[in-house]
Every structure is written in structure tokens, then in C-alpha cells.
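Results of the structural survey
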Amino acid sequence: MSAAARPRVVIVGGGFGGLFAAKFLKHAAVDITLVERTNHHLFQPLLYQVATGILSPGAVAPPLREVLKRHDNVKVRLGEVTGFDLDARTVHVEHPASARDLPYDFLIFGIGVGGSYFGHPEFAPHAPTMKTVEDALTLRTRIFGAFEMAALTRDEDERRAWLTFAVVGGGPTGVEVAGQIAELAHRSMDRNFREFDPSSATVVLFEGGEEILPTFGDRLSGKATHELTRLGVDVRVKTRVTDVTRDEIVVSSADGEERLACRTKVWAAGVAASPLARSLAEATGAEVDRAGRIQVLPDCTLPGHPEIYVVGDVMALDGLPGVAEVAMQTGIHAAASIKRQTAGEGDPRPFKYRDLGSMAAVSRFRAIVDFKGIRVGGFVGWMMWAFIHLTFLTGFKNRFIAAIRWVLSFVGSARTERALGWDRTRATFASAETRPPDDS
């Protein structure tokens, strides 16, 4: 430990792991610097509701400075970590206006993971993932813009292509976004267009495995498939995506290859850690898994470096899933360990995960929940899903806003977040949040 008056803790990443670690250390005798590329904490489980017009970006992305304003021992620094000097115990940070090295006595690394295209980065421009606010706004523009383009064309084949939505990946994110696009087309868009019937839109969900939501078990997976089918979603399992272009998606199954004319694609399959995670692993001698996540010791530290903790989705330990609950608990575990060490209390303790269950909202008032062997679906599952998500949303204002928007969208049919405009310089639609100023 350094000779500084108070131990210095650097937290890399303001996701669930980093934020919960910082909050846990509120009253600890340490000085904390939290480094994040964006100025907000992102509640990623509800990002698909931003993409489908239910919630605003601010409802799921509160400013970190606002969340931590009462934590006097925390400084928030906007910047990107580009490297580490483990011998000198410094983190190199590129700021918007400069660069600097941040010294640390303890390091908590929790930058999360991004989407993976399984070796096909050329798919990315045509099928965005849903990992950031910018991703969600891009998809929101493409989804609502597709309906606008369908109204402008007189060619039926082209209109059909605009009204075909492909979602790749049958995990919770893919299921939730497919269900909401179907709800949007069949319910929220009713009587919005005179040129065509929005309910004629086609939503196709592609999953390479035997079933969607495989971790939930056969019964709940079957319930989810039944509910999506009832909504009009075409669920295709054992189907692998082989190519994605601007105008179509190519898939392969036991029936052979198929080309589907489709202008709007969503990629919800696979995750991959950033190169920074791999470089940290190599520097410490830690191994990484196929997704690039860092294999940690039982106490979430790295080999030979008990001062470095890896938390959240970027951590690999005992096959734990990359979900918010794991990130929260590992962040708190790291913070508690640091608090004990600075107080000279005991040896490191292994991390013990408390499984809070898994859940996915399939459609309006329909969700599936797997909690400690209790597996429920339908309206009861949706009520449990709503309660848990409201509980974990950061800040009372965001919880209140989310509850009001859910009433408007699910009890009623309003999708209030659907503003976009025509960007003539790029000949495309742009969302209200990202549209450049008109200089004409």
C-alpha cells in the first residue's frame, strides 16, 4: 500500500459492478476515482425499451455524477483507460483534452462486454447490437424509420422488405426485443398509417440452438415460444445466420439456405470482451475464455495481484452468467474485501453468488421467471419481472418515470419515444437525440 494518507481505489467502468462498489465504499476511509467512457450508468436490461419507444434514454441512463453526488470520497472522471503499469500501480487514462496516469492501491476492473459477431465484423453496420444508449437510439430510428419508409414506397416487394424485422439470438434480449417489435406493429401502430396495415409487419427471431431461452428449461422455453407465436413472431430455431447485408439476411438450417429480404436487423447473439481485458489478463498471467473474459481467482482477484479485482460481465468464474445480479454482487464483494483490508481485518474471502433467478419479459403482461426452482410464466411472471426491474433501476425519479411509461404503453398503447426526422444530407432518418443541426 502506498504512503498516502488514505488508500486510493480506481474503479474502471461505471456499470453495475463499478457503481455498486463505489456506493458500498461511501463511508470507507478511501479515496475513489471512477473512470468511465460515458457520463452515465446504464441499466442495460431495459435498453430494448428505449429501442422500441417505451422509455427515454434518460430513464435508463442516469448521470454518474448525480447518482454519486452524496459520496464525498468519489471522483468521476470521463475518459478511456488504454493501459496499465502494474509495477508502478498506475492506470493510463485518455481524457477528451489530455492524458494522465492515475495511481492506485486497489483496482476494480469492470468495463463489461460488447457484442460479438463471431468473426464477422462486416455484419455490424447492418445489424447493430444493443449494448449502449447509442445502439438503442440507432435501432429506434431504424425500427420507426422502417414504418415511415414503408409508407413512402409504392412497390409492394420493397414495402414488404421494410416491414420485415429480423432479430438474431434467442436469449432474453432477443426474445424481449422481438416481442416488443411485434407489439408495436400489431397494437401501438394501429390506425397510424393510411398507406398500409402496420400489423402486416413480419418479425422473425433466429436462434442457432435447439430452443430459445435454453437456460430457463424446456417448459418455460415452450411458454415463451408459444407467446411469441401468438404475437405473430416467426420463431426459427436450429437456424444459423451466415450473411447480413443492407437489404437481406442469409440463414442456413436443415432445410438449406434462405435469403430473406429485410431492411431492419437486430443482433442479440453473443458477447465479447474488449482488447483491454485481454491485455490486463496477459500482464497478470490470467487466462481468458472464448469470449475474452478474464478468469479470476475465487476471491475475484488476479494471480499474483491481490490488489486487482475483476467484476461483472468481464469476469469469468465458475460458469456464472453475465447478468446484472452477478455484476452487483461481485462489485460489492470487491468493495467489502478492500474495506476489510484497509481496516486490517482478516484474509481474503471467496466470492459466493446468491442466485436471484432469471427472467425475461416476452410481451405485454407476459414474462417467464425462474427463481430457486420456482418457474412461473404469464401475468404473475410479468408482475415479478416489473417489481424486480423497478427495484434495481437507479433513482426514484427513474422508477416513477418507468412505471408511468409502462402504464401508457402496456395498459394503453402509447409509445411516446418515437421522434425522428429526415436528414437530407445523409438521405436517411435520424432520431431527435442524434440528428445534426440544420444549417440551411
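Described below are features of the structure shown in this document.

The rules behind each value
- Residues numbered from 1 in each chain as written.
- Predicted model: local features only at pLDDT ≥ 70, side-chain atom pairs only at ≥ 80, totals over all residues.
- Heavy atoms only, no water.
- Helix = DSSP H or I, 4+ residues; strand = E, 2+ residues; numbered from the N terminus.
- Rg over C-alpha atoms; globule rule 2.2 N^0.38 Å.
- Buried < 20%, exposed > 50% of the residue type's maximum accessible area, 1.4 Å probe, protein only.
- Contact = heavy atoms within 4.5 Å.
- Areas by Shrake-Rupley, 256 points an atom, 1.4 Å probe, with all protein chains shown as cover.
- Lys, Arg positive; Asp, Glu negative; His and termini not counted.
- Charge placed at Lys NZ, Arg CZ, Asp CG, Glu CD.
- Patch = residues over 30% accessible without salt bridge, like charges linked within 9 Å, V, L, I, M, F, W, Y side chains within 5 Å.
- Salt bridge = Lys/Arg side-chain N within 4 Å of Asp/Glu carboxyl O.
- Pairing = 2+ DSSP bridges.
- Axes fitted to C-alpha atoms, helices over the stretch in contact; angles between N-to-C directions.
- Phe/Tyr/Trp six-rings, centres within 6.5 Å; stacked < 30°, edge-to-face > 60°.
- Right-handed = clockwise from strand over helix to strand, strands pointing away.
- 1 Å grid on protein atoms, 1.4 Å probe; cavity = no way out; pocket = protein on both sides within 12 Å on 5 of 7 lines; lining within 4 Å.
- Points joined across faces, edges and corners; volume = space filled by probe spheres on them.
- Core = buried A, V, L, I, M, F, W, Y, C linked by side-chain atoms within 4.5 Å.

1. Focus: the overall build of the protein chain
Secondary structure summary: the protein chain contains 12 helices and 25 strands in total. Over its C-alpha trace the protein chain gives a radius of gyration of 23 Å, about what one expects of a compact globule, namely 22 Å for 440 residues. Residues counted as buried form 51% of the 440 residues belonging to the protein chain. A fraction of 60% describes how many contacts in the protein chain between residues 6 or more apart in sequence connect residues 24 or more apart. Accessible surface for the protein chain amounts to roughly 20300 Å². Of this, 52% is attributable to carbon and sulfur atoms. The positive charge centre, built from 51 side chains, and the negative charge centre, built from 52, are 7 Å apart in the protein chain.

2. Here we look at a nonpolar patch on the surface
A surface patch of nonpolar side chains, amounting to about 490 Å² of accessible area, comprises Phe396, Phe400, Ile401, Ile404 and Leu408. Along the chain, isoleucine 404 falls in helix α12 (residues 396-411).

3. Let's talk about the sheet that holds strand β4 (residues 80-85)
Spatial ordering of the open sheet is given by β4-β5-β6, a layout of three strands whose pairing is antiparallel. Each end of this open sheet is capped by a strand with a single partner; those strands are β4 and β6 (99-103). Pairwise comparison of adjacent strand axes, ignoring direction, gives a mean angle of 25° for this sheet. Here strand β5 (residues 90-94) runs beside β6; their pairing, made up of five bridges, is antiparallel. Bridging from a neighbouring strand, threonine 90 pairs with proline 103 of β6.

4. Here's the deal with the pattern of salt bridges
The full count for this structure, using the stated rule, is 18 salt bridges. Its salt-bridge partner being glutamate 417, residue arginine 140 comes within 3.9 Å of it at the nearest N-O pair. Of this pair, arginine 140 sits in helix α5 (residues 133-152) while glutamate 417 is found in the loop between α12 and β24 (420-423), placing the two residues 277 residues apart along the sequence. The residues arginine 140 and glutamate 417 share a single accessibility class, namely buried.

5. So, the packing of aromatic side chains
One pair of aromatic rings is described through two measures. These are the centre distance and the angle between the planes. Overall, the coordinates contain 14 aromatic pairs when judged by the stated rule. Plain terms: the ring middles of phenylalanine 123 and tryptophan 267 are 5.7 Å apart, the flat faces sit at 55° to each other, and that makes the pair tilted. Taken together, the positions of phenylalanine 123 in the loop between β8 (114-115) and α5 and tryptophan 267 in strand β15 (residues 264-267) put the pair 144 residues apart, joining distant regions of the chain. Residue phenylalanine 123 is classed as buried on the basis of its relative accessible area, which comes to 1%. For tryptophan 267, a relative accessible area of 5% translates into the label buried. Here the aromatic rings of phenylalanine 365 and phenylalanine 410 are separated by 6.5 Å at their centres, their planes lie at 65°, and the arrangement is edge-to-face. Placement of phenylalanine 365 in the loop between β21 (358-363) and β22 (366-371) and of phenylalanine 410 in helix α12 is noted, with a sequence separation of 45 residues between them.

6. Some details on unusual backbone geometry
The phi angle at arginine 191 is positive, at roughly 65°, despite the residue not being glycine. Mapping arginine 191 onto the fold places it in the loop between α7 (172-188) and β10 (202-206). Within the chain, phenylalanine 365 stands out as a residue other than glycine whose phi angle is a positive 65°.

7. Some details on the environment of alanine 29
By secondary structure assignment, the location of alanine 29 is in the loop between α1 (16-24) and β2 (31-36). Between the alpha carbons of alanine 29 and proline 303 there is a distance of 26 Å; along the sequence they are 274 residues apart. Among all residues touching alanine 29, those that are not within four sequence positions of it are Arg6 and Pro7.

8. Regarding the pairing of strand β11 (residues 233-236)
Judged by which residues are buried, β11 turns out to be one-sided: Val233 and Val235 face inward and are buried, whereas Asp234 and Arg236, on the alternate face, are not. As judged from the four bridges shared by β10 and β11, these two strands associate in the parallel manner. Bridge assignment links valine 203 to a residue of β11, and that residue is valine 233. One crossover worth recording links β10 to the parallel β11 by way of helix α8 (residues 218-231), and it is right-handed.

9. Thoughts on empty space enclosed by the protein
Going through the model one piece at a time under the given rule, you end up with one cavity of 30 Å³ or more. Taken as a whole, the largest cavity spans an internal volume of roughly 40 Å³. What lines the largest cavity is Tyr48, Gln49, Gln180, Ala361, Ser363, Arg364, Trp382, Trp385 and Phe410. Those elements that place two or more of their residues in the lining of the largest cavity are α2 (47-51), β21 and α11 (378-392).

10. Details of the nonpolar core
In terms of nonpolar packing, the biggest core is built from 69 residues, with Leu46, Leu55, Phe147, Trp385 and Trp406 touching the most fellow members. No other element matches the 10 residues that α5 contributes to this core. Sequence-distant contacts of leucine 55, that is, excluding residues within four places in its chain, are made with Leu46, Gln49, Val50, Val60, Ala402, Arg405, Trp406 and Glu417. Core analysis: the next-biggest nonpolar cluster, separate from the first, contains 52 residues, Leu64, Val81, Phe106 and Ala335 among them.

11. Comments concerning the sheet that holds β21
Strands in a sheet are paired, the pairing made by backbone hydrogen bonds, and the direction either parallel or antiparallel. Read from one edge to the other, the open sheet built from three strands follows the order β21-β22-β23, with strand pairing classed as antiparallel. The open sheet has two free edges, formed respectively by β21 and β23 (374-376), since each of these has just one partner strand. Strand-to-strand twist of the sheet, defined as the mean angle between neighbouring strand axes without regard to direction, takes the value 10°. Taken together, the three bridges between β22 and β23 define a ladder with antiparallel strand orientation. Within β23, the residue paired with phenylalanine 371 across the bridge is isoleucine 374. Contacts from α11 reach β21, β22 and β23 within the one sheet, and its direction differs from that of β22 by about 75°.

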